[in-house]
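# Survey of secondary and tertiary structure
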Amino acid sequence: MTFGSTAINKNFLAGILFLTIFMNGFEAGGYQACLLKIGQEFDLSASSMGLLASVQLFAILLAPLLFGALADWIGKRKVMAAFLLLRLGACIVLLTTLAARSFVLGIFVIGLSISILQAVAIAGLEDAYPLSGRKKLGIITSMYALGAVLAPLFCGVLLESGFSWRILFILVGSIAALLTAALCFVDFTPKENGQLHKEENSPSGKMLLSGILLLCFIMFVYVGVENGVAFFLTSFVQIELHGGADSYLALSMFWLAMIPSRLLCGAWHEKRASVLLTAAAGVSILAFLLSIVQDAGLAVFLSFVMGFFSGAVYPSVLNYSVDFASGRTATATGLITAATGLGGAVVAAAFGWVADYHGMRTAFDLLGAFMAIDIAAVGLLIYITRRRIK
């Protein structure tokens, strides 16, 4: 069923997709902010918390490999509704569990839902808005950052006031139920008069797999670094720098800076090559700077600057993927999302191990060196695409 007014139906669908991505970011940012408290409740070391963080990220990897093409076959609305209901069930498990094993199961299922909902919502946006889709990519990725900004502030206030981390999943589950109901009133047919995006770099009309795989590698490295920073930034500022409330502020500033960055990427999508290269270099440099900072206030500032560079990577990669996908948007976005899960899972686990045995500063140094690989990968991407255009 859809609304009678075309204008209302058009805007309502965009609102659902934006809120879906917002809640992905809210859950991710809230989980990052609550990880220290969760670790304390279950008596976990830094390396164990790294593994706990990687569980959700491993699910983000696994889901697109199992279900990535499903939305292109049976419909995006059905797939979104199914995974929203799975998220609701997982939240109920997390609200009631007293055992670490059940927590791992619940957070794993939420990871599955994040991955599929991310891929389907972005693909649905590209297909439903063929004329304005590239600009809307900046907006929808900003919704993720906005959710991740608000969640640490929300959770920080509640945790410092004595509330349990479980309140995060009350809100996440409630919005999942609301979104499931809202899907009954929309469809994913094109809302604008125009042709769907066609790839600029794949003249054959088929999905350019080599281009998609290179984008996957870029996101593997980037999201590994992003999650290594995000999951342990609160602990770093709180424990290493004795920052107190600044620990939650640092994480929020990291995500806050991504909002203007991603909005600018939507407007500057034609300059995505230069933007992506600059962003990769900036993230690498800022990770090295975080490793030597001694003041909590300066760490908050550096977190903001790093977030600004970091925010430009995802929308720029998505803009490239539109060129390469040839209509198979859910499949292409699913592959990229799988790469983000793999990068996040591997690096989050590795960061925890390095932090345990060599300290968090060394771990930040390694993140900076790892991100430097992306600079070379982006250079290769620019070289390949320019040769194809010629």
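Residues numbered from 1 in each chain as written. Predicted model: local features only at pLDDT ≥ 70, side-chain atom pairs only at ≥ 80, totals over all residues. Heavy atoms only, no water.

### Re the overall build of the protein
Quick note on the threshold: Helical segments are the DSSP runs of H or I of at least four residues, strand segments are the runs of E of at least two, and each set is numbered from the N terminus. Here the radius of gyration uses the C-alpha set of atoms, whereas the globule reference equals 2.2 Å times the residue count to the power 0.38. Residue exposure (1.4 Å probe, protein chains only): buried if accessible area is under 20% of the type maximum, exposed if over 50%, otherwise partly exposed. Two residues form a contact once any of their heavy atoms are found within 4.5 Å. The method behind every accessible area is Shrake-Rupley, applied with a 1.4 Å probe, and residues are considered shielded solely by the protein chains displayed. Charged residues are defined here as Lys and Arg on the positive side and Asp and Glu on the negative side; His and the ends of the chain fall outside this count. A charge is said to be at NZ when it belongs to Lys, at CZ for Arg, at CG for Asp and at CD for Glu.
Within the protein, the regular secondary structure consists of 15 helices and zero strands. A globule of 390 residues ought to have a C-alpha radius of gyration of about 21 Å, and the protein, at 20 Å, matches this closely. Principal-axis analysis of the C-alpha atoms gives the protein an extent of 55 × 45 × 30 Å. Counting across all 390 residues of the protein, residues that qualify as buried make up 61%. Sequence separation of at least 24 residues holds for 86% of the intrachain contacts in the protein that already meet a minimum separation of 6. Summed over all atoms, the accessible surface of the protein reaches about 14900 Å², with 68% contributed by carbon and sulfur. A gap of 11 Å separates the mean positions of the 23 positive and 20 negative side-chain charges of the protein.

### Side note on the nonpolar core
Worth spelling out the cut-off: Among buried residues, those of type Ala, Val, Leu, Ile, Met, Phe, Trp, Tyr and Cys that are joined through side-chain atoms within 4.5 Å constitute a nonpolar core.
By size, the foremost hydrophobic cluster in this structure holds 138 residues, and its most contacted members are Phe 103, Trp 255 and Met 306. Here this core takes 18 residues from helix 8 (residues 209-240), the largest share from any one element. When residues no more than four places from it in sequence are discounted, the contact partners of Trp 255 are Gln 32, Tyr 144, Ala 145, Ala 148, Val 149, Glu 226 and Ala 230.

### A few points about helix 4 (residues 76-96)
The condition that has to hold: The length a helix should cover is 1.5 Å for every residue beyond the first.
For helix 4, which comprises 21 residues, the first-to-last C-alpha distance of 31 Å matches the rise-based estimate of 30 Å (1.5 Å per residue) to within 8%. All of the buried residues in helix 4 are Lys 76, Val 79, Met 80, Ala 81, Phe 83, Leu 84, Arg 87, Ala 90, Cys 91 and Leu 94.

### Let's talk about the packing of aromatic side chains
Two aromatic rings are characterised by how far apart their centres lie and by the angle between their planes. The condition that has to hold: The pairing test for Phe, Tyr and Trp rings, Trp by its six-membered ring, is centres within 6.5 Å, and the orientation test on the planes gives stacked under 30 degrees, edge-to-face over 60, and tilted for anything in between. Here, a charge over a ring means that NZ of Lys or CZ of Arg falls within 6 Å of the ring centre while also lying within 35 degrees of the ring normal.
Inspection of the entire model under this criterion finds 14 aromatic pairs. Where Phe 42 meets Trp 165, the ring centres are 6.5 Å apart and the plane angle is 50 degrees; that geometry is what we call tilted. Here the residue Phe 42 occupies a position in the loop between helix 1 (6-41) and helix 2 (46-67), and Trp 165 occupies one in the loop between helix 6 (133-160) and helix 7 (167-182), the gap between them amounting to 123 residues. Here Phe 42 matches Trp 165 in class, with each residue buried. Taking NZ or CZ as reference, Arg 272 lies 4.9 Å from the ring centre of Tyr 320, over its face.

### Structural notes on the environment of Ala 121
In this fold, Ala 121 is placed in helix 5 (residues 100-128). By relative accessible area, which is 0% here, Ala 121 ends up buried. Each C-alpha atom of the pair Ala 121 and Gly 224 lies 22 Å from the other, and the pair is 103 residues apart in sequence. For Ala 121, the contacting residues outside a window of four places in its chain are Leu 17, Ile 21 and Ile 140.

### Re the pattern of salt bridges
The line we're drawing: Here, a salt bridge means any side-chain nitrogen of Lys or Arg that lies within 4 Å of a carboxyl oxygen of Asp or Glu.
Across all of its chains, the model carries four salt bridges by this definition. Across the salt bridge formed by Arg 361 and Glu 240, the nearest N and O atoms sit 3.4 Å from each other. Taken as a pair, Arg 361 in helix 15 (residues 360-389) and Glu 240 in helix 8 lie far apart in primary sequence, 121 residues in all. Owing to a relative accessible area of 37%, Glu 240 belongs among the partly exposed residues under this scheme.

### Considerations on the side chain of Ser 303
Its place among the elements puts Ser 303 in helix 12 (residues 296-311). A relative accessible area of 1% means that Ser 303 is categorised as buried.

### Overview of a nonpolar patch on the surface
The criterion, for reference: Here, patches come from residues exposed beyond 30% relative accessible area and free of salt bridges, joined within 9 Å for like charges and within 5 Å for nonpolar side chains (Val, Leu, Ile, Met, Phe, Trp, Tyr).
Residues Leu 150, Leu 153 and Leu 249 make up a contiguous nonpolar surface patch of about 210 Å² in total accessible area. Mapped onto the elements of the fold, Leu 249 is located in helix 9 (residues 246-256).

### Here we look at helix 8
To keep things clear, this is the line we draw: Fitting one axis to the seven residues ending at a residue and another to the seven starting there, the bend at that residue is the angle between the two axes.
Its 32 residues place the ends of helix 8 44 Å apart at the C-alpha level, agreeing with the 46 Å of an ideal helix rising 1.5 Å per residue. At Phe 232, helix 8 shows its maximal kink, close to 50 degrees. Of all 32 residues in helix 8, 25 are buried, a share of seventy percent or more. At the C-terminal side of helix 8, His 242 shows a positive phi close to 55 degrees.

### What about the confidence of the model for the protein?
The test is simple: Each residue carries a pLDDT score, the predictor's confidence in it, ranging from 0 to 100.
A residue-level look at the protein finds 91% of positions with pLDDT of 70 or above and a mean pLDDT of 83. In the model of the protein, helix 2 stands out as the element of lowest mean pLDDT, 76, in contrast to helix 7, which has the highest, 96. Contacts for the low-pLDDT stretch residues 196-204, under 50 throughout, to residues beyond four places or in other chains number 29 contacts.

### Structural notes on the side chain of Gln 118
With respect to the helices and strands, Gln 118 occurs in helix 5. Discounting chain neighbours no more than four positions away, the residues touching Gln 118 are Ile 21, Asn 24, Tyr 144 and Tyr 314.

### Things to note about the packing of helix 11 (residues 272-292) against helix 12
Between two packed helices, the angle of one axis relative to the other and the distance separating the axes together describe the packing. The cut-off we apply is this: Here the axes come from fitting lines to C-alpha atoms, over the contacting stretch only for helices, and the angles between their N-to-C directions go from 0 to 180 degrees. Every angle not falling under 35 degrees, over 145, or within 65 to 115 is termed oblique; those three ranges are roughly parallel, roughly antiparallel and roughly perpendicular. Should the near helix be turned counterclockwise from the far one by less than a right angle, the crossing is left-handed, whereas a clockwise turn marks it as right-handed. Think of it as three bins: nonpolar holds Ala, Val, Leu, Ile, Met, Phe, Trp, Tyr, Cys and Pro, charged holds Asp, Glu, Lys and Arg, and polar takes everything else, Gly as well.
Closest axis-to-axis distance for the helix 11/helix 12 pair is 8 Å, and the angle between their directions is 160 degrees. Between helix 11 and helix 12, the angle is such that the two are roughly antiparallel. The interaxial crossing formed by helix 11 with helix 12 has left-handed handedness. Side by side, helix 11 and helix 12 meet where Thr 278, Ala 279, Gly 282, Val 283, Leu 286, Ala 287, Leu 289 and Leu 290 of the first sit next to Ala 299, Leu 302, Ser 303, Val 305, Met 306, Phe 309 and Ser 310 of the second. In terms of residue class, the contact of helix 11 with helix 12 is built from eleven nonpolar, four polar and no charged.

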